[in-house]
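A structural walkthrough
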Amino acid sequence: MGNWIINHGLSAFILVVWMGINIFLFVYYYLFYDQGPQFEYTRELLGSALPWARAPAAVLNFNCMLILLPVCRNLLSLLRGSFICCGRTMRKQLDKNLTFHKLVAYMIALMTAVHTVAHLLNAEWYTNSFQGQYGPLAGNLSMLDDSSELKTTYLNPVRSNSTTPTLLVFTTIAGLTGVVITLALILMITSSMEVIRRSYYEVFWYTHHLFIIFFAGLVFHGAGRIVRSQQVTDPPHNTSFCEDQPENWGKKPECPIPQFAGGFPQTWMWVIGPMIIYLCERLLRFIRYMQPVSYRKIVIRPSKVLELQLVKPGFKMAVGQYVFLNCPAISQLEWHPFTMTSAPEEDFFSVHIRSVGDWTEDLIKMVENLPEGGQGPKMAVDGPFGTASEDVFDYEVSMLVGAGIGVTPFASILKSIWYKFKDSDPKLRTKRVNHAMVHFDKDTDIITGLKQKTSYGRPNWDKEFEQVRQENPSSVVGTFLCGPQALAKDLEKKCVKYSDVDPRKTKFYFNKENF
């Protein structure tokens with residue numbers, strides 16, 4: 001348990017706080033609408049569907065406020081720089097931004113489902129109340145109109161016997177925007193499935209931009225004010241005394257005709273701040289899109305891997321960082337993340353692009369067809385952005401694990417280590433570096449002396465972790481992974497298993513690249 005707290009304690013605490021706020025909002029607003037005296041007559045028409053519709057709406061407001069923030073990558077980079085004084089544990093939380101983004105999305109999907117079902121029942125019960133199916137009180141409440149002579153306001157939005165639940169949904173602001181919001185959400189969630197995102201990234205990319213329609217509908221959704229509450233009158237309407245004698249409303253002093261009004265729309269107040277932040281984010285991306293980028297070198301590597309060495313004025317990077325690339329000749333809207341393989345000490349930055357999906361295939365074909373010495377297509381660069389690998393030099397001992405194209409961030413790290421050793425950089429805290437790592441630039445294998453370098457295969461992780469622990473009995477070891485999720489789970493368990501609760505002994509901190 002102690003080891004688990006070391007590696008996951010803060011993440012678990014943040015998750016508990018987030019879930020606690022969701023539960024509090026749901027319970028608070030459920031009781032508010034279920035027991036509030038101003039909604040007593042409204043509940044006469046709608047029953048328990050009223051609190052079941054409004055409580056999820058409050059949770060939706062909170063999560064819609066959060067959903068954009070984890071994808072504001074410039075904001076995250078700013079926060080990462082601000083948290084340098086707060087330690088690596090706090091900065092690690094920023095590397096889980098996409099995980100939190102997905103959690104918030106799941107909560108939005110769940111609450112949308114509950115909210116939608118409850119309001120569909122409300123539409124049915126509004127119609128039935130107007131038709132007098134729920135007794136004389138519900139019928140009298142439904143017949144209240146906006147007569148200026150009596151100065152009343154209606155409670156039931158259904159104003160005619162010809163109005164059906166379907167017609168109510170498709171002819172009101174709340175109904176129409178609700179349909180649009182729900183359809184947009186369904187398309188965004190289904191296109192975000194792993195199989196679609198990996199195989200048809202363009203579908204995911206374009207469909208995800210339905211968030212613009214989602215938020216536009218969200219802002220106007222409450223403008224219809226379809227859920228109404230009783231207003232204070234002079235003299236006041238005594239509900240407990242008057243509810244059994246609707247025929248005397250307006251005739252007895254204790255029973256003036258009740259007046260109702262819809263609540264002031266609040267959703268826009270929850271989301272306006274994040275929307276402005278995200279708008280600034282997109283504006284900054286556009287400015288970077290317009291900045292010129294030139295090619296230093298283009299290399300086609302084996303196994304359909306493209307290496308681009310690029311130069312951009314004023315560009316500064318750190319090890320392990322990534323950039324987003326846009327090629328207008330392929331698509332002016334699509335941006336794809338790639339980890340930089342160059343070192344900060346070099347006068348250019350490079351990326352290695354593997355052929356996976358339509359965008360990368362089109363780019364590689366375009367480069368393959370270039371004439372000898374020709375410049376590549378126009379490229380826009382957004383970034384650089386920070387990742388977990390930035391913290392690699394904060395550890396005296398670091399374990400770097402890369403699988404497949406996931407070796408790219410560590411190419412940058414190893415190059416930088418080589419430069420720092422070469423220049424005797426006093427800021428380099430990392431003291432143990434495998435001999436093979438600092439000779440990555442050699443033409444031959446340092447063990448066998450052959451041109452074909454040794455392939456060591458899949459490591460025995462228990463053996464590797466035990467060896468590192470024995471060789472570093474009092475060190476904090478940073479374990480960095482860029483690779484598949486299955487491997488991440490294995491390494492995360494090993495970090496917990498081989499960490500010691502005693503602060504004087506070895507502790508392993510797990511860090512994973514996320515895009």
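All of these numbers come straight from a predicted model, not from anything done at the bench.

1. Concerning the nonpolar core
The nonpolar side chains of a soluble globular protein tend to be buried, and buried together. Of all hydrophobic cores here, the largest spans 27 residues; its most connected members are Cys64, Ile108, Phe214, Phe215 and Leu218. Going through the elements one at a time, helix H1 (2–35), helix H3 (49–66), helix H6 (97–130), helix H9 (173–191), helix H12 (211–221) and helix H14 (267–290) are the ones with two or more residues in this core. At 6 residues, H3 tops the list of elements feeding residues into this core. With sequence-adjacent residues up to four places away left out, Phe214 is seen in contact with Cys64, Ile108, Ile181, Ala184, Leu185 and Met188. In terms of nonpolar packing, the next biggest core, distinct from the first, is built from 25 residues, Leu46, Leu141, Ile226 and Phe260 among them.

2. A few points about the UniProt feature "transmembrane region" (unreviewed entry) in the protein chain
According to UniProt, the positions carrying the feature "transmembrane region" (unreviewed entry) are residues 12–32, 52–72, 100–121, 167–191 and 203–223. The distance separating the terminal C-alpha atoms of residues 167–191 is 30 Å; by composition the span is 96% helix and 0% strand. Annotated as residues 203–223, this span is 81% helix and 0% strand, and its ends, taken at the C-alpha atoms, are 32 Å apart.

3. Re the sheet that holds strand S9 (residues 397–402)
What the 3 strands build is an open sheet, ordered S9-S10-S11; its pairing is parallel. Looking along the sheet, the strands with just one partner apiece sit at the ends: S9 and strand S11 (507–512). Across the sheet, the axes of successive neighbouring strands diverge by a mean angle of 20°, strand direction being ignored. Along the sheet face, helix H16 (residues 408–422) touches S9 and strand S10 (476–482) and points at about 145° away from the line of S9.

4. Description of the side chain of Lys512
As for its placement among the helices and strands, Lys512 is situated in strand S11. Sequence-distant contacts of Lys512, that is, excluding residues within four places in its chain, are made with Asp95, Ala388, Leu481, Gly483, Gln485 and Ala488.

5. As for the pattern of salt bridges
Considering all chains together, one arrives at 10 salt bridges under this definition. Notably, a salt bridge pairs Lys497 with Asp462, separated by 3.1 Å at the nearest N-O pair. With Lys497 in helix H18 (residues 485–498) and Asp462 in helix H17 (residues 461–471), this pair connects stretches of sequence that are 35 residues apart. What makes Asp462 partly exposed here is its relative accessible area of 27%.

6. Observations concerning the packing of aromatic side chains
Aromatic ring pairs are reported here in terms of the distance separating the ring centres and the angle at which the planes meet. Applying the stated rule across the entire model yields 27 aromatic pairs. With a centroid separation of 5.6 Å and 50° between ring planes, the pair formed by Tyr41 and Trp249 is classed as tilted. One end of the pair, Tyr41, is in helix H2 (residues 40–46); the other, Trp249, is in the loop between helix H13 (239–242) and strand S2 (260–262), and 208 residues separate them in sequence. Its relative accessible area of 1% is what places Tyr41 among the buried residues. With relative accessibility at 8%, the residue Trp249 sits in the buried group. An angle of 80° between the planes, with centres 5.7 Å apart, marks the rings of Tyr395 and Phe480 as edge-to-face. Of the two residues, Tyr395 is situated in the loop between strand S8 (380–385) and S9 and Phe480 in strand S10; the sequence distance between them amounts to 85 residues. An aromatic cluster is built from Phe24, Tyr28, Tyr29, Phe32, Tyr33 and Phe39, whose rings are joined through pairwise contacts. We note Arg73 situated over the ring of Phe324; from NZ or CZ to the ring centre the distance is 3.5 Å. Against the face of Tyr154 rests Arg228, its NZ or CZ located 3.9 Å from the ring centre.

Cut-off values and rules
Residues numbered from 1 in each chain as written. Predicted model: local features only at pLDDT ≥ 70, side-chain atom pairs only at ≥ 80, totals over all residues. Heavy atoms only, no water. Core = buried A, V, L, I, M, F, W, Y, C linked by side-chain atoms within 4.5 Å. Buried < 20%, exposed > 50% of the residue type's maximum accessible area, 1.4 Å probe, protein only. Helix = DSSP H or I, 4+ residues; strand = E, 2+ residues; numbered from the N terminus. Contact = heavy atoms within 4.5 Å. UniProt positions renumbered as here; feature names shortened; annotations may be inferred. Pairing = 2+ DSSP bridges. Axes fitted to C-alpha atoms, helices over the stretch in contact; angles between N-to-C directions. Salt bridge = Lys/Arg side-chain N within 4 Å of Asp/Glu carboxyl O. Phe/Tyr/Trp six-rings, centres within 6.5 Å; stacked < 30°, edge-to-face > 60°. Lys NZ or Arg CZ within 6 Å of the ring centre and 35° of its normal.

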